[in-house]
Amino acid sequence: ALEGLLALSLHGCTNVTDKGLLHLSKLSRLTSLNLRACTDKVTNTGLKHLCLGLKCLSHLEFWGCDGITDGGVTFLKELPCLTSLDLVFCSKITNAGLRLLAKLTGLSSLSLAYTSMSISDEGLKHFESLTSLKSLNLFSCLGISGSGLRTLSTGLTKLVLHRCMLITDNGITSLCMLKSLTSLNLCQCPCVTNFGVEYLTNLTCLTDLDLSADHRNNLHRGLGDNGLIHLSKIKSLTSLRLNHRMNITNIGLKALSELTCLKLLELKGCEAITDEGLTFLTMMTSLTSLELKGCGNVTERGMHALSSAAMFHSSVISFDIKSVDESSSSMSVREFIRSIQFNNYEDVMQLIVWVIYTLTISLSTISIVVVIVLDSWPPLK
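It should be emphasised that the depicted structure is a prediction, and the values quoted were computed from it without experimental measurement. (Residues numbered from 1 in each chain as written. Predicted model: local features only at pLDDT ≥ 70, side-chain atom pairs only at ≥ 80, totals over all residues. Heavy atoms only, no water.)

**Focus: the overall build of the protein chain**
Then step 1. Each helix and strand in the protein chain was counted, giving 15 helices and 13 strands.
Then step 2. Counting all 381 residues of the protein chain, 52% fall into the buried class. (Helix = DSSP H or I, 4+ residues; strand = E, 2+ residues; numbered from the N terminus. Buried < 20%, exposed > 50% of the residue type's maximum accessible area, 1.4 Å probe, protein only.)

Now the structure itself:
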C-alpha cells in the first residue's frame, strides 16, 4: 500500500464507487483528495468511509457528485483538519446542509458554485460561525441575494458572486463591512448599477474586481461611465474586468486613467470605446495586460497611441483589428511592432503568440513582423 501518499486526484474517474472509497480510507496520511466528476456512483456512504478513515484530510473536492446530499455533510465533522471544501455542482446540497457546514469552523475555503436554487439566504445565515473563512465561491447560486451576505465573516478576502442574479445595489451595501476583501467577482449580476458600484469604494483593500456583463443579452445596461468614475477612487485595484459593458465610453476610460496601480484591464466588447479613449490608457504606467477584443471603433490611430507608451514594452495586448481597413492594417502593424523593445527571446516569443492568436492577418503581414523583429532586436543586428 502507498502508505506515504499525501495527495490523490481521481478527477473524471467515473467508475469510482463507494466500495472504492472504502479502500481509499486506509490511506491514513492523505491530506488532499480530488473526486471531481465522479458522478452519482459516489454517495453519502462513500463519504462516510472517507471521513472515518482520513483524519489528516485538509482538502476535499466533490465537484459534480450528485450522490452527495445533506445527509453526507453530517460526516464532514469527523475531519478535524479540513480547511478547503469544494461542493461545486452538488445540486442536492440544500440550506439544511449549509447549517451542518457551519459547524466546520476551521474551513478557510468553500465552493458551493452551481448549486442553482437549492441554497438561499436562509442557508447563508448559518455561516456567521465560519470566522476562519477566507474564500467563498457562490457562482450561479441563483437563490442568493444581498440579505444573505450580511452574516459572512468580516475576514473574507475572496468572494465570487458571478451570475447571482438577485444581487442588487442594495445588496452591495452588505459587502461594505468586508474590509479585508481583496478579490470580488460580480460578473453577470444585471441588477448592479452605477449606484451600487459607488458602495464598492469602501473596500479599500480590493485589488481584483470583475464587473463584466453577459454578452448574450441586453440586461446589463446599468453600469457605465458614472460607475467608472466611482471605481477610479479604488486606488488599490490591480486587476479590473469590464467586458461587454456597452455603456462604457471614452469618458469612463479617462476616469480609469487615475488607477495607476492597475496591471490588467479587460474591455472586451465595449463597442463605444474609440481611439481617443485609448490615449487615456497611456497614463496607466503599471498596465501590463490589456484586452480590447471586439472594440470595433479602434483604428490604427488607437494602435499608435498604445505603441507610444513605454508601459507596453513587455506586455500582452489584445484587440480586434477588423476595424482597420485592409489598405492601412499592414502599416499600422509595422509602426506598432517597431515601437516595441525586444530585450530577450521571451519578448520575441510573446510577440509571435500575440500575432498568431490575437490578430486576423495575412501571411504578408506575418512576414512584415518577422522582418521588423530581425531589424529591431539588438542581439540580431
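**With respect to the pattern of salt bridges**
Then step 1. Throughout the structure, instances matching the rule amount to 9 salt bridges.
Then step 2. The shortest N-O distance in the salt bridge between Lys235 and Glu258 comes to 3.3 Å. Of this pair, Lys235 sits in the loop between α9 (225-231) and β10 (239-241) while Glu258 sits in the loop between α10 (250-256) and β11 (264-266), placing them 23 residues apart in sequence. (Salt bridge = Lys/Arg side-chain N within 4 Å of Asp/Glu carboxyl O.)

**Topic: unusual backbone geometry**
Across the chain, the bulk of peptide bonds are trans and the bulk of non-glycine residues have phi less than zero.
Then step 1. Phi is positive for Ala37, close to 55°, though the residue is something other than glycine.
Then step 2. Mapping Ala37 onto the fold places it in the loop between β2 (32-34) and α2 (44-53).
Then step 3. The phi torsion at Tyr114 lies on the positive side, around 60°, for a residue other than glycine.
Then step 4. On the secondary structure map, Tyr114 appears in the loop between β5 (109-111) and α5 (121-124).
Then step 5. Look at Tyr114 and you get partly exposed, because its relative accessible area is 27%.

**Looking at the pairing of strand β12 (residues 289-292)**
Then step 1. In terms of strand pairing, β11 meets β12 through 3 bridges, oriented parallel. In the strand pairing of β12, Leu265 is matched with Leu290. (Pairing = 2+ DSSP bridges.)

**A word on the environment of Glu266**
Then step 1. Inspection of the secondary structure puts Glu266 in strand β11.
Then step 2. As for Glu266 and His244, which are separated by 22 residues in sequence, their C-alpha atoms are 9.4 Å apart.
Then step 3. Glu266 has contacts with Leu240, Arg241, Leu242, Asn243 and Glu291, leaving out every residue within four places of it along the chain. (Contact = heavy atoms within 4.5 Å.)

**Overview of the packing of aromatic side chains**
Then step 1. Tallied over the entire structure, the rule returns 3 aromatic pairs.
Then step 2. Both rings, one in Trp63 and one in Phe89, keep their centres 5.3 Å apart while their planes meet at 80°; by these two values the pair is edge-to-face. With Trp63 in the loop between β3 (59-61) and α3 (70-73) and Phe89 in the loop between β4 (84-86) and α4 (95-101), this pair connects stretches of sequence that are 26 residues apart.
Then step 3. Residue classification places Trp63 among the partly exposed residues on the basis of a relative accessible area of 26%.
Then step 4. Judged by its relative accessible area of 33%, Phe89 falls in the partly exposed class.
Then step 5. Ring plane angle 5° and centroid distance 4.4 Å describe the contact between Phe89 and Tyr114, whose orientation is recorded as stacked. A residue pair is termed long-range when its members are at least 10 positions apart, and Phe89 in the loop between β4 and α4 and Tyr114 in the loop between β5 and α5 qualify at 25 residues.
Then step 6. An aromatic cluster is built from Trp63, Phe89, Tyr114 and Phe139, whose rings are joined through pairwise contacts. (Phe/Tyr/Trp six-rings, centres within 6.5 Å; stacked < 30°, edge-to-face > 60°.)

**Describing α2**
Then step 1. When α2 is considered as a whole, its buried residues turn out to be Asn44, Gly46, Leu47, Leu50 and Cys51. Around the axis of α2, the buried residues are gathered within 155° of arc, so they sit on the same side.
Then step 2. Contacts made by the buried residues of α2 are with α1 (18-24), β2, β3 and α3. (Arc of directions from axis to C-beta.)

**Quick look at the confidence of the model for the protein chain**
Then step 1. In the predicted model, the protein chain carries a mean pLDDT of 85, and 80% of its residues have values of at least 70.
Then step 2. Counting interchain partners and residues more than four positions distant, the pLDDT-below-50 stretch residues 310-314 has 15 contacts.
Then step 3. Every residue in residues 320-331 scores below 50 in pLDDT, and together they form 23 contacts with partners more than four places removed in sequence or on other chains. (pLDDT = per-residue confidence, 0-100.)

**Focus: the nonpolar core**
Then step 1. In terms of nonpolar packing, the biggest core is built from 90 residues, with Phe62, Leu76, Leu101 and Phe127 touching the most fellow members.
Then step 2. Elements with a contribution of two residues or more to this core: α1, α2, α4, α9, α10, α11 (275-281) and β12.
Then step 3. Setting aside its immediate chain neighbours within four residues, Leu76 contacts Leu47, Cys51, Leu60, Leu82, Leu85, Leu101 and Leu104. (Core = buried A, V, L, I, M, F, W, Y, C linked by side-chain atoms within 4.5 Å.)

**Details of the side chain of His162**
Then step 1. With respect to the helices and strands, the residue His162 is situated in the loop between β7 (158-160) and α7 (169-172).
Then step 2. Judged by relative accessible area, which is 10%, His162 ranks as buried.
Then step 3. If we skip the residues at most four places from it in the chain, His162 touches Leu138, Phe139, Ser140, Asn185, Cys187 and Gln188.

**A closer look at the environment of Thr204**
Then step 1. Considering the arrangement of structural elements, one finds Thr204 in the loop between α8 (194-199) and β9 (208-210).
Then step 2. Its relative accessible area of 58% is what places Thr204 among the exposed residues.
Then step 3. In this structure, the C-alpha to C-alpha distance between Thr204 and Cys176, residues 28 residues apart in sequence, is 9.8 Å.

**A few points about the environment of Leu47**
Then step 1. Among the secondary structure elements, Leu47 is positioned in helix α2.
Then step 2. Taking relative accessible area as the criterion, Leu47 reaches 2% and is therefore assigned buried.
Then step 3. Measuring from C-alpha to C-alpha, the distance between Leu47 and Leu21 comes to 7.7 Å, with 26 residues separating the pair along the chain.
Then step 4. Every residue in contact with Leu47, bar those within four places of it in the chain, is listed here: Leu21, Leu60, Phe62, Ile68, Gly72, Val73 and Leu76.

**What to know about the state of the cysteines**
Here a disulfide denotes one covalent bond, and it connects the sulfur atoms of two cysteines.
Then step 1. Taken as a whole, this structure holds 0 disulfides when the rule is applied.
Then step 2. The closest cysteine sulfur to the non-disulfide-bonded Cys38 is located on Cys65, 5.2 Å from its own sulfur.
Then step 3. Cys189 forms no disulfide, and the closest cysteine sulfur to it belongs to Cys164, at a distance of 5.8 Å. (Disulfide = S-S within 2.5 Å.)

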